[in-house]
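Next come the chains, spelled out residue by residue.
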Amino acid sequence: MTVWLLGDQLHPESHVLDDAERVLLIEATAFADRRPYHPQKLGLVFAAMRHARDALREAGYTVEYRRAETFGDGLDSHFAAHSGDDLRVMRPPSHGAADRLRELVTERGGSLSIVDDDRFLCSPAAFDEWAGEGEGLRHEPFYRWMRRRADVLMDGDDPVGGEWNYDESNRKTPPEGWSPPPVPAYPPDALTRETLDWVDDRFDTWGEIEGFAWPVTRADALEALDHFITHRLPAFGPYQDAMVGDEHALAHSLLSSSLNLGLLGPQEVIDAAVDAWERDAAPIESVEGFVRQVLGWREFMRHAYRRTMPDLVETDLLDRSRDLPPLYYDGETEMRCLDAAVSHVYERGYAHHIERLMVLSNFALVFGADPHELTEWFHFGFVDAFHWVTAPNVLGMGTFATDAFTSKPYASSGSYVDRMSDHCADCAYDVDATTGENACPFNALYWDFLDRNEERLRGTGRMGLMYSHVDRKSDAEWAAIRDRVATVRRRARDGRL
């Protein structure tokens, strides 16, 4: 029996490794030629695989590490050495991947058994039993069900502290003079540097490779978790929705890449956060906010993706087709919020969740860009992006291409950015103006978005207030808004926004 360990399943205590006679890892490169991936993403994946190989060998496993263009090529080499081998793999979460892997193996005369994915806490069977066959999956009831099911932050059947969430306490902007907690960094060792140099030479990429500082080993990931719990978790809650100047991390955990590669498990991450609250080392607002992301949203996205594919990536409720503006690729814009967010992705392969939702996705949403192109951009640009997490986040919450698990578009004018950041004070555009040469582009685009999509959106339960404002605008105001939108779209397409 050979365990085929995929590159995002690197936890050394995964149950897929139980009783393994040998371990197979295939470092396939063809996927990285299909898109201009961020070099730090490619470096992270390949370096993590190579370090996992060495760690497994040190732990006593027989490991075969095959470098090939495709999985099929790697399997050809494997079966040439082990004819008719029986393989075991942990079920990958990407749509159709398990069937494709089984087909590759059986075509070569082997067999493939597929075991449950232990990188998540809610199995497909458990989720489907909770959700039933009805339409309209929603995160909040699922999150509460998971809290009760896992007995996390519970006092009997009630949440500790009496509240299920502390959103109202977690929407603060930092006071003047506040400095974020230190950001951990894991400079490349010799193996990682060798891998980064190979990535830089081998692939056509988008983004900076210098400054790579992501955890690529289990030991580094555990240290990153401890660093977050000790230094960053206390401030995470209040400022998790804030955006500050050139700060790319603030108090965010920076653990998503380690979780999505399997270097960390969700339970150990949750336990560490809850332990901090029990020791009075972090407030309930911060701990609950973090638990919500891992126990709630991450698990929910996995199953929302599973249940809505492939329709999720083939449709768009709002029928958009405009190209994503060049600024997403070259970062050239005088909009300070977009300039900062795109720069963070280009320089590090990362931007935190409010930049993702309320700047990068929000602008594409109100601009009318093709949500599937935006999904591709997120997929190749972020170090923590995998199809199962990127597609539902961008197409559901980010751009409202589906209402299967979201109830409204997260569209906003510039007022949200102004409220939650310090970007607008130093921006070339006036956040208080909707029309005119220097008006914040978000503002006119926002009203135009509501107008263009009125038939689809007016009847939704959470959009009534917005459409009451739409109804109060005069014909002259709408004419000025449309003129400003035409100018913004033209300048964005020309790379002069």
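Residues numbered from 1 in each chain as written. Predicted model: local features only at pLDDT ≥ 70, side-chain atom pairs only at ≥ 80, totals over all residues. Heavy atoms only, no water.

Peer 1: Help me out: how do you make sense of the overall build of the protein in this one?
Peer 2: A count of helical and extended segments in the protein gives 20 helices and seven strands. In summary, the protein has a C-alpha radius of gyration of 23 Å against a globular reference of 23 Å for 497 residues, a match within 12%. A principal-axis box enclosing the C-alpha atoms of the protein has dimensions of 75 × 55 × 50 Å. By the burial criterion, 57% of the 497 residues in the protein qualify as buried. Within the protein, residue pairs in contact and separated by at least 24 positions form 75% of the contacts whose partners lie at least 6 positions apart. Of the roughly 20400 Å² of accessible surface on the protein, 44% is carried by carbon and sulfur atoms. (Helix = DSSP H or I, 4+ residues; strand = E, 2+ residues; numbered from the N terminus. Rg over C-alpha atoms; globule rule 2.2 N^0.38 Å. Buried < 20%, exposed > 50% of the residue type's maximum accessible area, 1.4 Å probe, protein only. Contact = heavy atoms within 4.5 Å. Areas by Shrake-Rupley, 256 points an atom, 1.4 Å probe, with all protein chains shown as cover.)

Peer 1: Would you mind going over the sheet that holds strand 2 (residues 22-28) with me for this structure?
Peer 2: Neighbouring strands of a sheet are bound in pairs by backbone hydrogen bonds; such pairs are parallel or else antiparallel. Read across the sheet, five strands follow the order 3-2-1-4-5 without closing on themselves; strand pairing throughout is parallel. Taken across any chain shown, the strands that pair with only one partner, and hence form the sheet edges, are strand 3 (63-68) and strand 5 (111-115). When the angles between neighbouring strand axes are averaged without regard to direction, this sheet yields 25°. One ladder, built from three bridges, connects strand 1 (residues 2-4) with strand 2; its direction is parallel. Residue pairing for strand 2: Val3 is matched across the bridge by Val23. Contacts from helix 3 (residues 97-107) reach strand 1, strand 4 (86-90) and strand 5 within the one sheet, and its direction differs from that of strand 5 by about 155°. (Pairing = 2+ DSSP bridges. Axes fitted to C-alpha atoms, helices over the stretch in contact; angles between N-to-C directions.)

Peer 1: Please clarify how the pattern of salt bridges should be interpreted in this entry.
Peer 2: A side chain with one charge can pair with a side chain of the opposite charge if their charged atoms come near. Evaluated as defined, the whole model comprises 33 salt bridges. Note that Asp33 is salt-bridged to Arg202, the shortest N-O span being 3.0 Å. Note that Asp33 is positioned in the loop between strand 2 and helix 1 (39-58) and Arg202 in helix 6 (residues 190-202), a separation of 169 residues in sequence. Among the salt bridges present, the one from Arg108 reaches Glu107, with a minimum N-O distance of 3.5 Å. Look at Arg108 and you get partly exposed, because its relative accessible area is 24%. On the basis of relative accessible area, Glu107 is assigned to the exposed category, the value being 53%. Here the residues in one salt-bridge network are Glu140, Arg144, Glu288 and Arg292, joined through shared partners. (Salt bridge = Lys/Arg side-chain N within 4 Å of Asp/Glu carboxyl O.)

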